[in-house]
Amino acid sequence: GAYVLQVKATDADDPTYGNSARVVYSILQGQPYFSIDPKTGVIRTALPNMDREVKEQYQVLIQAKDMGGQLGGLAGTTTVNITLTDVNDNPPRFPKSIFHLKVPESSHVGSAIGRIRAVDPDFGKNAEIEYNIVPGDGGNLFDITTDENTQEGVIKLKKPLDFETKKAYTFKVEASNLHLDHRFHSVGPFKDTATVKINVLDMDEPPVFSKPTYTMEVYEDTPVGTIIGAVTAQDLDAGSSSVRYFIDWKNDVDSYFTIDATEGTVATNELLDRESTAQYNFSIIASKISNPLLTSKVNVIINVLDVNEFPPEISVPYETSVCENAKPGQVIQTVTAADKDLSPAGQRFSFRLAAEASNKPNFTVHDYRNNTAGIETRRNGYSRRQQELYFLPVVIEDSSYPVQSSTNTMTIRVCRCDSDGIILSCNVEAIFLPVGLSTGALIAILLCIVILLVIVVLYVALRRQKKKDTLMTSKEDIRDNVIHYDDEGGGEEDTQAFDIGALRNPKVIEDNKIRRDIKPDTLRFPRQRPPVEDNTDIRDFIDQRLQENDVDPAAPPYDSLATYAYEGNGSVAESLSSIDSLTTEADQDYDYLTDWGPRFKILADMFGEEESYNPDKVT
């Protein structure tokens, strides 16, 4: 009686004329699954609990026929296709109640070890199944998930299997619909249960160590061959096999130890030094004699214990100083200690004065009982004049066994400080204080030395300075540059330049004697020089100027220098002055002029070999 759909037919006859337009519906094909109301055309199900899993689609032939007319009843037909929609009205069912699986004990954790399947006749999402392991025997070792493509239950391993520990496991698996329809709860529980039995297969496995990691301890300097520990591995298979041990050699560090191949005992192979290496880390391999390819590895850590062999010392070299105006009980330095040994937890260092310094009233050591100590003054004031340096022996002792101690000598320097204890000087004044000089006297001495040095430098500079006057002898030609030297003497040949007799007897000085080393006082009228023509030859110009100076009585002495430096500054020929020349021109060698280039070719010809020079060729 469930409603499916309604069909409707129309008749073109006049509905007011008899029963010609009255339609009656009937089913020609589709019974006994469906029925139709002859008046309304409503189609309903005719059987209860129609099962889609039995038949999904139905084809129903419907007839519509009028009720009267001269031609009798006229009819029309139509076909209706009806498809059953699936509902979750069927629970999943296991095809068998027990599933048997065989699993090797060497199976890896997380791997799939078997599949089981429950069947649900529904379709689509109504056929989706969820699998669960019933809490009990296998809940800790196994897990089950659903394969979305096949709707199978995949059993996976959660923990390793061991045939020698347990050979079989039994647990139950429940299959249930993932999507339930509340309209069918009364039908019954939509789930099913099956039993899974797993048999573990024995496999030839490697030996197993008794611990995942071994930690051993040994004192440094332990004699070679001393056993410090052992490792143990067993073959847990049914047919037990003996085990061999060896060290997994990776580097030279592993050679410090050896292992007994049969017993697994570890012994030292070399002397150990904790200060060099405090810990060793290597691996030991165990293999079955019956099958050497089956091996297992374990990590071994060996800690080298410290032997108290080094005494404690002052941690850093201290530069300790004390003020001259220090008061008794003043802490001038805080010291700490260090030990080359590996100090154990709670290691304590003690500080004290050495016995030979205990009776001296200069300084003392105050142990603070926290591995530090303070150096304190014992008297009122210190004098650098009496003693600049003090040497304080401090004994430092550790608390390990055997007890080690050392004597450390601290150097304390006496310094000059202000009233606030700020150091002003420690070393500079210590050189002069023994002679009794004050700071003001030292500054005065240094100032005098500086002044004397300045005077000497100025005197030397004045002695070396020479006064030079540049004399322009011709305003018409700027190339004529005459440099005048006020020399005191006229040279060795000028006997009239200076009367040496005046040095012997100043009273016999000849007043009327003309001196040639200074200009005469007589007035001299300027001489008229002929104008210089533009095409005048340079040689003629020079000869003319030389003659004018030679006959001029007011000119400088003949041994003074008149230079015509028309070449200009920076000449590669340097100076052509004759001051540094030899006594005679014959002694001079002018062959080097030929090396100066074409610009000095004429000078090279003039001062070279006489036969090679021809004045007529000079232009």
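Residues numbered from 1 in each chain as written. Predicted model: local features only at pLDDT ≥ 70, side-chain atom pairs only at ≥ 80, totals over all residues. Heavy atoms only, no water.

Ranked by size, the top nonpolar core spans 25 residues in total, and within it Phe94, Phe142, Val173, Val196 and Ile198 carry the most contacts. At the level of secondary structure, the elements contributing two or more residues to this core comprise strand S7 (98-104), strand S8 (112-117), strand S9 (129-133), strand S10 (142-146), strand S11 (152-157), strand S12 (168-177) and strand S13 (191-201). Setting aside chain neighbours within four positions, we find valine 173 in contact with Phe94, Ile116, Tyr131, Asn132, Ile133, Ile144, Asp192, Thr193, Ala194 and Val196. (Core = buried A, V, L, I, M, F, W, Y, C linked by side-chain atoms within 4.5 Å. Buried < 20%, exposed > 50% of the residue type's maximum accessible area, 1.4 Å probe, protein only. Helix = DSSP H or I, 4+ residues; strand = E, 2+ residues; numbered from the N terminus. Contact = heavy atoms within 4.5 Å.)

Turning our attention to the pattern of salt bridges. With the rule as written, the count across this model stands at 12 salt bridges. Linking arginine 352 and glutamate 397 is a salt bridge whose minimum nitrogen-to-oxygen distance equals 3.8 Å. Here the residue arginine 352 occupies a position in strand S26 (residues 350-353), and glutamate 397 occupies one in strand S29 (residues 389-397), the gap between them amounting to 45 residues. A salt bridge links arginine 413 to glutamate 388, with the shortest nitrogen-to-oxygen separation between them at 3.2 Å. Pair noted here: arginine 413 is in strand S30 (residues 405-417) and glutamate 388 is in the loop between strand S28 (372-377) and S29, with a separation of 25 residues, a long-range link. Residues joined by salt bridges that share partners form a network here, namely Arg115, Asp147 and Glu152. (Salt bridge = Lys/Arg side-chain N within 4 Å of Asp/Glu carboxyl O.)

Its location among the elements puts threonine 377 in strand S28. Here lysine 327 takes part through its backbone oxygen, which lies 2.5 Å from a polar atom of the side chain of threonine 377. Non-local contacts of threonine 377, meaning those with residues more than four positions away in its chain, are made with Val322, Ala326, Lys327, Pro328, Gly329, Gln330, Ile332, Asn362, Phe363 and Tyr382. (Polar contact = N/O pair within 3.5 Å; in protein donor to acceptor, adjacent residues only side chain to side chain.)

Evaluated as defined, the whole model comprises 14 aromatic pairs. On the basis of an interplanar angle of 75° and a centroid distance of 5.5 Å, the ring pair of phenylalanine 142 and tyrosine 169 is categorised as edge-to-face. Here tyrosine 169 lies in strand S12 and phenylalanine 142 lies in strand S10, a separation of 27 residues in the sequence. The exposure class of phenylalanine 142 is buried, given its relative accessible area of 1%. For tyrosine 169, a relative accessible area of 8% corresponds to the buried category. Measuring from centroid to centroid gives 5.2 Å for phenylalanine 363 and tyrosine 382, while their planes differ by 5°, and the two rings are stacked. (Phe/Tyr/Trp six-rings, centres within 6.5 Å; stacked < 30°, edge-to-face > 60°.)

Moving on, we come to the confidence of the model for the chain. The predicted model of the chain averages 79 in pLDDT, with 74% of residues at 70 or higher. Predicted confidence is poor over residues 428-435, with pLDDT under 50, and the contacts of this stretch with residues over four places away or in other chains come to 8 contacts. (pLDDT = per-residue confidence, 0-100.)

All right, on to the sheet that holds S12 then. Read across the sheet, 4 strands follow the order S7-S13-S12-S9 without closing on themselves; strand pairing throughout is mixed. Two strands bound the open sheet, and with one partner strand each, they are S7 and S9. Direction aside, the axes of adjacent strands within the sheet are offset by 30° on average. (Pairing = 2+ DSSP bridges. Axes fitted to C-alpha atoms, helices over the stretch in contact; angles between N-to-C directions.)

Right, let's get into the state of the cysteines. Counted according to the given criterion, the structure contains 2 disulfides. The partner cysteine of cysteine 323 in its disulfide is cysteine 417, sulfur to sulfur 2.1 Å. Disulfide cysteine 323-cysteine 417: torsion about the S-S bond near -85°, hence left-handed. Highlighted residues: cysteine 323 in strand S24 (residues 320-323) and cysteine 417 in strand S30, separated in sequence by 94 residues. Cysteine 417 shares its class with cysteine 323; the two are buried. (Disulfide = S-S within 2.5 Å.)

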